[in-house]
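Inside the fold
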Amino acid sequence: MAIQVAWTVGGLVFAGSTLAQTDASSPPADTTTTAAATKKPVENKPAPDKAVSLKQVSVTGSNIRSVDVEAAQPVISITAQDIQKQGFATVGQLLQNVSSMSPPDLSHSAPGDLGPNQGGSFIDLRGLGAPRTLVLVDGQRIGAAHGGYTNINVIPTAIVERIDVLASGASAVYGSDAIAGVINIITKKNFNGAEINTYNGEYSPHSDGRQTQTSFTVGKATDKGSIVFSASYQNQGAVWADDRAFSAYPWTDQHPYFGLSKYGPYGYISNAPGGAALVLNPGGDSRNINDYHTFVQPTYAANGDITSLANAGDQNYNRLAGRTNMLQTEDKTKNLYLDGRYNFTSNITGHINLGYNIDDETAQSGSPLFYSGMGSNSAFPSLLSQYSYYNPLNGIQSVQFRRLMTETTYRSYNDPKNYRYNLGLEGNFEWNGHLFNWDVYTYNSKISGINTRTGYFNLINVQNALGPSFMGSNGVVQCGTPGHVIAGCVPFNPLAGPGGITPQMLNYLSINSVEHYGSDEKAYVADFGGDIYALPAGDLTFATGVQRREESGYDSPDPYAYAGYSTDGGVGPNSGSYSLNEAYAEVNAPLLKDLPGARSLDLDIARRYSSYSNFGSSTNSSYKLTWKPFDDLLFRASYGTGFRAPTVNDLYQGRYPAGTFTDPCDTVYGPTAYGGNALVAQRCLTGYGGIAGVAANFRQTDSNGVPIITSSGEGALPSTNFTGGNPNLKPETSYNADIGLVYSPSWLTGFNFTLDWWSYNIRNLITNISNDQVLANCYQYSIQSACSQFQRQAGTGQIYDLLNLETNAGWQKESGYDFTAAYLFPKTSFGDFKLSMNGTYIAKFNQLPTIGSNIIYAAGNTANFLTSWRLRDNLTLNWDWHAFGASWTLRYFSPYKAACAYAPSSGTTAFPCTLPDYYAPGVGVEPQTQVPSVTYSDVQVYWKAPWNATFSVGANNVFNRTPPYVYGAYASGSDTPYNYNASYDIGRYVYFRYQQKF
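1. Notes on the sheet that holds strand β32 (residues 656–657)
Hydrogen bonds between backbone groups are what pair the strands of a sheet, and the pairing can be parallel or antiparallel. One open sheet holds the three strands; their spatial order is β32-β33-β39, and the pairing between them is mixed. Only two strands of the sheet have a single partner each, and these edge strands are β32 and β39 (803–805).

This is the structure in structure tokens:
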């Protein structure tokens, strides 16, 4: 053994001068549910002659091509057959049900998230955020939007051979963004014949959310090369909020009157004489003040619930205002895909890959509220003039009003397009008894789109329409005064009841908000690798390469909105770019083989250097060890560093108003907001970090110069406080580790088991912080650079020009366990049975948002709108018999804690608060409620017809389980405005799938 180790060390020294790289695109010959769990390693055999070398392949997580590959990191592999056996229409839907996934950052159940990412599917491994999960196709990047999100649905399921999920950091192998892990979609290559797939499904018994999908794939493979072409179309229908019990009312059907808005489609006057709030009577004349009644508050029960409405017309929500909110958005997707390979010689192959994807996405999220003071521009107070023809207090006073504009809705139309190509050459050669491979290629991915949003109002026209108006001689109300008519203006009545707002009024006020956006990623790559030294335990193999990548993006919001003339929020335009050069190397050394207690022992080391044009360089490494003491058992361990570079949007996002803050020097509210810190008080008096001191009795004032009466005042000059991107951002950095085992006992044929412990430590998070945190960083935490982010007005001492940009702050630490098991039962006369399971247990998930904040202990809890289940587990039983088959899957979500909607001290006890004395570490008593577990059952049966076709029918959530309610709207922790979690099913989904092969 000593001689063998000496040989190995000598080989590693020699390898140090000959490292080089490969490609990670070719799929292994064997694809199974768990890459390392269900495939026994190849037995040790004499090395074949190089001239008849076996086909080398790459494994997700490594750049080295090899014949015999052991997975040093846990990889879940989902095959095309697995996809066919599940009832999900898209890659995104399928992956969302892998146990290591968390609720998506952006959800189809939140149509209020209107913008360029609307309608996409974004995968979030470990709950660390979708931008920290790298998506690859055949080992290569497919490009992300300039905000860092990769829409995984741009890859049609028809061309998927398998999907590898590497839930472990891999920056040393793949570069930026692979902090949480990698999704590697392996596409079909050697495809012969033609195939048609159709899919139809909908929710039952609701008959909504229908999805239809049709794809056609054709291919041919010969000795000279191969070509695969695929075209697909998918249509996803809407699900409306008022068609589900948990979203038909603000606080579910269990509390139908609670949380209703007092602003409805009837005129509401908030400044009537005497300070009363008045609501127009149903059918009343909005111009007659006597046709109004005082707003009637609802009746509350002793437990705080609302049990009745004295006047139902004074309250409003989805069911009362019509179908205004979508629970699932509409989406039409078209995909074209082409992959071609041509063998110029026996050792040189050209390859080309083309992709085109276009979406047509529609979202709707309620009706807009038309009210006095709307919009971000204070120059438009939006008051109904006392001289307006429609003012019931005409000639007496101007009116402040509220009215829900049920005549229109917030709708968003998004049409992102994605163009991709990859073009290159690859080959292999033999030299001096060693086999080498190489690959040079370039790729380009472009995303562009227009997001058009309705439901907004032109503030200039609003001011004209609410201003003085009169009845003209022609019997038509006109804007202005006699002799001074405003041409083209249509007077508006904001107090009219249903039916009182004409299309002409609405057309004059309405304005669309149009946003143009796009991103472009291109790269030039060269890889080289092979075996360079024969060690006693096997060949020392390596991979090395270089890459040049250029990324750019832009976002051009509606210029009218940005100027403050629209009720849409004004975000400044942005554009930017950066480039990077990378070099990487990986070496795999078989240290021991065929020894007692060491059937094999392999070490893999990878290192990547990345030089960015904007922030500098980053070097990341990984170390992976696999040890097989005997044939049935494999131990594996890895450790690596990672990073995530700031995106174009992080760097260059346009400026927009930063909101309110509490001045630490305010003598009333400052001490409470900043912990009564004596150092803060001293710095306020003497000045600090280039900021002048203030008087001992200093008070923060509002924009009218009046001292604030609550904390988080608006500031003396709120329009000068901005947030946005930060070109000085640094990358996030991380450490990750894995230790696990793979057990395939020879005494129990067909059984495989894996258990892996994993851990992440992410630093310098790219994040948004509050205005108060900017001020605290200066005065309380002595970060003098923060003092340059605001100024104090000479004479008054008031803060202005506060610039709160994205920053690097805080950390996340997470650890847990992944486990899989599979057992293929012995064959029986009535079919083959296979039982498989994969699960994830989160032991720790701690977050520190920024300096001075409390640590958030999120494992098994909801925090920062993220649900971290302790345990997610999927259990599947498959049966195959001749041309028939069936599967049954159980998807389990463990219980978790969520903040109580109302603390017991509030007196409102109508909503669950099962852990009123729960002690949160570092925070203290923080009342929580226990959200129960839920298990969904999915079933499918299929028949393989004699004419080479397959019929499949099935149902997901076959028992129509209702998800647990989590009261408090966003208390569910997922990105949804409803009292449920976006990862939960919204009903029984039945489907039919037909596949025809030719």
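2. Quick look at unusual backbone geometry
In this structure, Pro-205 follows Ser-204 across a cis peptide bond, with omega equal to 15°. Structurally, Pro-205 is set in the loop between β6 (193–204) and β7 (208–222). Even without glycine at this site, Asp-138 takes up a positive phi of about 55°. Among the structural elements, Asp-138 can be located in the loop between β2 (133–137) and β3 (140–141). Exposure remark for Asp-138: the relative accessible area of 5% places this residue in the buried category. Although it is not a glycine, Asn-957 sits at a positive phi angle of roughly 55°. Turning to its location among the elements, Asn-957 is positioned in the loop between β53 (949–956) and β54 (988–997).

3. As for the environment of Asn-736
Within the fold, Asn-736 resides in strand β34 (residues 732–743). A sequence separation of 77 residues divides Asn-736 from Lys-813, and the C-alpha atoms of the two residues are 9.8 Å apart. Once you skip the residues sitting within four places of it in the chain, Asn-736 turns out to touch Gln-73, Ser-168, Gly-169, Ser-638, Tyr-639, Gly-640, Thr-641, Ser-759 and Tyr-760.

4. Regarding helix α12 (residues 771–779)
Along α12, eight of the nine residues are buried, which leaves the element largely enclosed by surrounding structure. Taken residue by residue, α12 has Asn-771, Gln-773, Val-774, Leu-775, Ala-776, Asn-777, Cys-778 and Tyr-779 as its buried positions. Check the buried side of α12 and you find it contacts α11 (678–686), α13 (784–787), β37 (791–792), β38 (799–800) and β39.

5. Focus: the nonpolar core
Grouped together as the largest cluster of nonpolar side chains are 37 residues, with contacts concentrated most on Leu-95, Met-101, Ile-152, Ile-155, Ile-163, Ile-183 and Ile-185. Breaking this core down by element, the ones donating at least two residues are α3 (91–95), β2, β4 (160–166), β5 (181–187), β35 (751–763) and β42 (832–848). Excluding residues within four positions of it along the chain, Ile-183 makes contact with Leu-95, Met-101, Ile-123, Leu-125, Thr-133, Leu-134, Val-135, Leu-136, Ile-152, Ile-163, Asp-164 and Val-165. Of all hydrophobic cores here, the second largest spans 35 residues; its members include Val-279, Phe-401, Met-405 and Leu-509.

6. Examining helix α6 (residues 459–466)
If you check which residues of α6 are buried, you get Leu-459, Asn-461, Val-462, Ala-465 and Leu-466. Taken end-on, α6 shows its buried residues confined to a sector of 155°, consistent with a single buried face. The elements touched by buried residues of α6 are β18 (369–371), β19 (401–404), β22 (434–457), β24 (477–481) and α7 (503–509). The N-cap of α6, judged by a side-chain oxygen 3.0 Å from the amide nitrogen of Ile-460 a few residues on, is Asn-458.

7. Some words on the side chain of Gln-328
Position of Gln-328 relative to the elements: it lies in strand β15 (residues 326–328). Looking at Gln-328, its side chain comes within polar contact range of the main-chain oxygen of Gly-237, at 3.0 Å.

Basis of the calculations
- Residues numbered from 1 in each chain as written.
- Predicted model: local features only at pLDDT ≥ 70, side-chain atom pairs only at ≥ 80, totals over all residues.
- Heavy atoms only, no water.
- Pairing = 2+ DSSP bridges.
- Helix = DSSP H or I, 4+ residues; strand = E, 2+ residues; numbered from the N terminus.
- Buried < 20%, exposed > 50% of the residue type's maximum accessible area, 1.4 Å probe, protein only.
- Contact = heavy atoms within 4.5 Å.
- Core = buried A, V, L, I, M, F, W, Y, C linked by side-chain atoms within 4.5 Å.
- Arc of directions from axis to C-beta.
- Polar contact = N/O pair within 3.5 Å; in protein donor to acceptor, adjacent residues only side chain to side chain.

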